[in-house]
Amino acid sequence: MKNVIILGNWKANKSIDEAKKWIDEFTPLVTSLPRHVSLILCPAFHHLELFITIKTIFALGIQDISPYPSGAYTGEISAQMVAGKIQYAILGHSERRKYFRETDEIIAQKVKETHRASIKPIVCVSEMNQASRLKELVPDFEDFGTILYEPLFAVGSGQADSPEKANEIAKEIRVILNNVPVLYGGSVAPDNVSTFILQEHLSGVGVGGASLDPMKFANLIKNACNPR
Ligand code: PGA
């Protein structure tokens, strides 16, 4: 059975108290995982300490990282500041490209910073040219990175891409980036997750909205563990 990654991204949601409530509700729902399934959760930065202290079933990630090392960069979180505490970083999400004008060059800089700190980058792409540009700017990306393919129309819309189409695109990305693992994201829900997991070229899913509700996320994980 192939390895499957389920990546939850809370985006800019939840107070500390709301995160505690989420953990209390989620924890009894998913107590173990099959060996081939990995869960990564990227809550917001201020939740990380909570997840580290409580020790949950998740590997932890951050939703962004500074393109600069530690130093005089007000408001930024450098990779060195969180190294050893988190394992993954989502980089270049379409919302960051859109609202914060992140370019492929800035994202490549972030990839290099995370890699230097032994944090694994998960780079979001919505178009093939973003994958090609990543290959040019970080030629060895496939040795340590993962791609999260998210078509713009599908993010937060309730209209997921067709699993076959996502599989085709993942196949093309894997040609450009030499068999890099590719996840699909965009309106993944408990009732459609299996169809994505079953696609040959997909190594898992990225989940935004459905990860905010503990019951929904637990159901999604259960369906991903036994896809049919
Ligand atoms: P969504 O978000 O699941 O709410 O569509 C996906 C994402 O942006 O990663």
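Residues numbered from 1 in each chain as written. Predicted model: local features only at pLDDT ≥ 70, side-chain atom pairs only at ≥ 80, totals over all residues. Heavy atoms only, no water.

## Observations regarding the overall build of the protein chain
- Looking only at helices and strands, the protein chain has nine helices and eight strands in total.
- Radius of gyration (C-alpha) of the protein chain: 16 Å, near the 17 Å computed for a compact globule of 228 residues.
- C-alpha atoms of the protein chain, sized along the principal axes, occupy 40 × 40 × 30 Å.
- Within the protein chain, buried positions represent 51% of all 228 residues.
- Once local pairs closer than 6 in sequence are excluded, the contacts in the protein chain between residues at least 24 apart make up 71%.
- Of the accessible surface of the protein chain, which amounts to about 10900 Å², a share of 52% is contributed by carbon and sulfur atoms. (Helix = DSSP H or I, 4+ residues; strand = E, 2+ residues; numbered from the N terminus. Rg over C-alpha atoms; globule rule 2.2 N^0.38 Å. Buried < 20%, exposed > 50% of the residue type's maximum accessible area, 1.4 Å probe, protein only. Contact = heavy atoms within 4.5 Å. Areas by Shrake-Rupley, 256 points an atom, 1.4 Å probe, with all protein chains shown as cover.)

## Remarks on the site of the ligand
- The ligand sits among Lys 11, His 93, Glu 150, Ala 154, Val 155, Gly 156, Gly 186, Ser 187, Val 207, Gly 208 and Gly 209.
- The separation between an oxygen atom of the ligand and a polar side-chain atom of His 93 is 2.6 Å.
- In the model, an oxygen atom of the ligand is placed 2.8 Å from a nitrogen or oxygen of the Ser 187 main chain.
- Coverage of the ligand by the protein chains reaches 94% of its 280 Å² of free accessible surface.
- Here the ligand is seated within the second largest pocket. (Near = heavy atom within 4 Å. Polar contact = N/O pair within 3.5 Å; in protein donor to acceptor, adjacent residues only side chain to side chain. 1 Å grid on protein atoms, 1.4 Å probe; cavity = no way out; pocket = protein on both sides within 12 Å on 5 of 7 lines; lining within 4 Å. Sits in = over half its atoms within 2 Å of the grid points.)

## A few points about the packing of aromatic side chains
- Scanning the entire structure with this criterion turns up 13 aromatic pairs.
- Centroid distance Trp 22 to Phe 217: 6.3 Å. Interplanar angle 45°. Geometry classified as tilted. With Trp 22 in helix α1 (residues 16-26) and Phe 217 in helix α9 (residues 214-225), this pair connects stretches of sequence that are 195 residues apart.
- Judged by its relative accessible area of 2%, Trp 22 is buried. (Phe/Tyr/Trp six-rings, centres within 6.5 Å; stacked < 30°, edge-to-face > 60°.)

## Brief notes about helix α6 (residues 128-137)
- Of the residues making up α6, those classed as buried are Gln 130, Ala 131 and Leu 134. Take α6 and look down its axis: the buried residues cluster within an arc of 100°, on one side only. (Arc of directions from axis to C-beta.)

## Examining the environment of Glu 102
- Here Glu 102 lies in the loop between α4 (94-99) and α5 (104-116).
- A residue is classified by how much of its surface remains accessible, and Glu 102, at 7% relative accessible area, is buried.
- Between the C-alpha atoms of Glu 102 and Gly 92, which are 10 residues apart in sequence, the distance is 6.9 Å.
- Ignoring sequence-local partners within four residues, the contact set of Glu 102 consists of Asp 64, Gly 92, Arg 96, Arg 97, Ile 107 and Lys 110.
- Polar side-chain contacts of Glu 102 include one of 2.7 Å to the side chain of Lys 110.

## Let's talk about unusual backbone geometry
- Of note in the backbone geometry, Arg 101 takes a positive phi value of approximately 50° without being a glycine.
- Tracing the sequence through the fold places Arg 101 in the loop between α4 and α5.
- Relative accessible area serves as the criterion here: at 69%, Arg 101 is assigned to the exposed category.
- In this model, Ser 118 sits at a positive phi of 60°, which is unusual for a non-glycine residue.
- With respect to the helices, strands and loops of the structure, Ser 118 is situated in the loop between α5 and β5 (120-125).

## A closer look at the pattern of salt bridges
- Here the structure, examined in full by the defined rule, presents 11 salt bridges.
- Of the charged contacts, one joins Glu 25 and Lys 21 as a salt bridge, the two residues approaching to 3.2 Å between their closest N and O atoms. Separated by four residues within a single helix, Glu 25 and Lys 21 lie in helix α1, roughly one turn from each other.
- Owing to a relative accessible area of 37%, Glu 25 belongs among the partly exposed residues under this scheme.
- Taking relative accessible area as the criterion, Lys 21 reaches 53% and is therefore assigned exposed.
- In this structure, Glu 102 engages Lys 110 in a salt bridge whose closest nitrogen and oxygen atoms are separated by 2.7 Å. Accessibility assignment for this pair places Glu 102 and Lys 110 in one class, buried.
- One continuous salt-bridge network, built from bridges that share partners, spans Asp 64, Arg 96, Glu 102 and Lys 110. (Salt bridge = Lys/Arg side-chain N within 4 Å of Asp/Glu carboxyl O.)

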